[in-house]
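# Fold and geometry: a report
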Amino acid sequence: MPSLPALLALLFACWAPLQAAASSWWSLAMSPVQRPEMFIIGAQPVCSQLPGLSAGQRKLCQLYQEHMAYIGEGARTGIRECQHQFRQRRWNCSTVDDASVFGRVLQIGSRETAFTYAVSAAGVVNAISRACREGELSTCGCSRAARPKDLPRDWLWGGCGDNVDYGYRFAKEFVDAREREKNFAKGSEEQGRVLMNLQNNEAGRRAVYKTADVACKCHGVSGSCSLKTCWLQLAEFRKVGDQLKEKYDSAAAMRITRRGKLELVNSRFKPPTPEDLVYVDPSPDYCLRDESTGSLGTRGRLCNKTSEGLDGCALMCCGRGYDQFKSVRTERCHCRFHWCCFVRCKKCTQTSPDGQHRNQIDYILCSQRWRSSIQSTKTRPGADCGSDHELLITKFRLKLKKVGKTARPFRYDLNQILNDYTVEVRNRFKGLDLIDRVPDELWNEVRDIVQEAGIKTIPMEKKCKKAKWLLSHADC
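Read on for an overview of the structure. As the structure is a prediction and not an experimental result, all values here were calculated from the model.

### A few points about the packing of helix H6 (residues 164-175) against helix H8 (residues 189-211)
Helices that pack against each other are described as a pair by the angle of their axes relative to one another and the distance between those axes. One way to put it is that H6 packs onto H8 with a least axis distance of 10 Å and a crossing angle of 170°. In terms of their interaxial angle, H6 and H8 are classed as roughly antiparallel. On the side of H6, the interface is formed by Val164, Asp165, Tyr168, Ala171, Lys172 and Val175, while H8 contributes Asn201, Glu202, Arg205, Arg206 and Tyr209. Residue composition of the contact of H6 with H8, grouped by class: five nonpolar, one polar and five charged.

### Quick look at the pattern of salt bridges
Under the definition given, this model contains 19 salt bridges. The salt bridge partner of Asp448 is Arg447, with a shortest N-O separation of 3.8 Å. With relative accessibility at 31%, the residue Asp448 sits in the partly exposed group. Note on Arg447: relative accessible area 35%, which makes it partly exposed.

### Points about a nonpolar patch on the surface
A cluster of nonpolar residues, Phe396, Leu398 and Leu400, forms a patch on the protein surface that exposes about 390 Å² of accessible area. Along the polypeptide, Leu400 turns up in the loop between strand S12 (391-396) and helix H11 (419-430).

### Comments concerning the state of the cysteines
Evaluated as defined, the whole model comprises seven disulfides. Disulfide pairing is shown between Cys142 and Cys160; the S-S distance is 1.7 Å. Judged by the torsion about the S-S bond (-85°), the Cys142/Cys160 disulfide is left-handed. Placement of Cys142 in the loop between helix H5 (111-133) and strand S1 (156-157) and of Cys160 in the loop between S1 and H6 is noted, with a sequence separation of 18 residues between them. Residue Cys142 is classed as partly exposed on the basis of its relative accessible area, which comes to 32%. Paired by a disulfide, Cys216 and Cys230 hold their sulfur atoms 2.0 Å apart. Between Cys216 and Cys230, the S-S dihedral sits near 105°, and the bridge is therefore right-handed.

### Some thoughts on helix H4 (residues 68-85)
The end-to-end C-alpha separation of H4 is 26 Å, in line with the 26 Å expected for 18 residues at 1.5 Å each. Burial analysis of H4 places 13 of its 18 residues in the buried class, which makes it a mostly covered element.

### Some thoughts on the environment of Ser24
Following the sequence through the fold, Ser24 ends up in the loop between helix H1 (4-22) and helix H2 (44-49). For the pair Ser24 and Pro51, spaced 27 residues apart in the sequence, the C-alpha separation amounts to 7.5 Å.

The rules we used
Residues numbered from 1 in each chain as written. Predicted model: local features only at pLDDT ≥ 70, side-chain atom pairs only at ≥ 80, totals over all residues. Heavy atoms only, no water. Axes fitted to C-alpha atoms, helices over the stretch in contact; angles between N-to-C directions. Helix = DSSP H or I, 4+ residues; strand = E, 2+ residues; numbered from the N terminus. Parallel < 35°, antiparallel > 145°, perpendicular 65-115°, else oblique. Contact = heavy atoms within 4.5 Å. Nonpolar A, V, L, I, M, F, W, Y, C, P; charged D, E, K, R; others polar. Salt bridge = Lys/Arg side-chain N within 4 Å of Asp/Glu carboxyl O. Buried < 20%, exposed > 50% of the residue type's maximum accessible area, 1.4 Å probe, protein only. Patch = residues over 30% accessible without salt bridge, like charges linked within 9 Å, V, L, I, M, F, W, Y side chains within 5 Å. Areas by Shrake-Rupley, 256 points an atom, 1.4 Å probe, with all protein chains shown as cover. Disulfide = S-S within 2.5 Å. Expected span 1.5 Å × (residues − 1).

Given below as structure tokens:
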């Protein structure tokens, strides 16, 4: 029978990996991180108190104190985007109140885990790159990206762009530090999980890098675009999330080999690129609450009974059935604007088609300049046109301005240019004084010579009269 110290040592050995896996740097998103000016001198006590950091990440914290607040901001951005992308799925990227942030569900190497690692790494790249541009970090500044080859020559390449290169490098060092510190046996499941995390982190960083594009701003008098200044700008993070969601849907199933490398489970598919997501474990169904997998289940979630997609009640409720309810609301409706200046509304009790929502979808649009011309607007809900839109009637003031007739342009018959025109222009040009002339004055004189010579020597184009009934031929 083993002794008590041996049992305690065995229990500690089993508990240590679980505890390490439970905490993560994502916890920086759940609690605000102090700004650099609030750090204690030396910053070691502050970095040591931040939960979820590995040894390498704590060293980076000590070297780059001011970056930590933006790492937490990037983690929050990634979590919000994850919750948006999965808001209509059984697993909706729910968070828990501990250092693991997502609970035990991410201990499974599933598709959902792959997306979470990718979108959180992308959030760090996004936050650090923007902080560099805004001058919040002393170790980086505006982007130094090279001028794109397809940018027109007369456009200036400058401005202060997002420093995507620095954000990519720093996120790679910080986010991957935890995985690179682990040392597992070659070909083991643990090593396969490490390689999976590194692949998905890289896919998230590249998604931000690839979606960054050139943004330009026009300069000129009265809105003219005579000059353009361009710079490198990050895309909206929603675009990054949409791209990663597409990668999630086409993620590749992998397994670890004896040589310590990931390979496809089904060799008929193409091997994944560094921009693709990979997973090593199948996903649970997330239908029922399961403490062992961290699944919270779908009990109490809202579903759409008319949808046949993933948000429909058939799939969301996993065949367990669902409860229906309707909501009745008393709101202001049939509002009418009276000149000047008040709005009078009626009270209406309406039930939305789905029993949950009521949207205002009918508007009168006008320019901000003519807003004062609108005197009143009202709806006619009694009109039945087979639509959920309602008829709008607007009363406005209108003052018309008389427009004068424009002179018909002088048209030359270019097919009858005589030699007299050439002689006339050549003789007039010989008499020009080109010494010490102002360019604008010289150009006006050249223009007058060409026009006067044309009027004098080139006949005017005759107007053709079309035949009756607008036939294809015409008589001139």
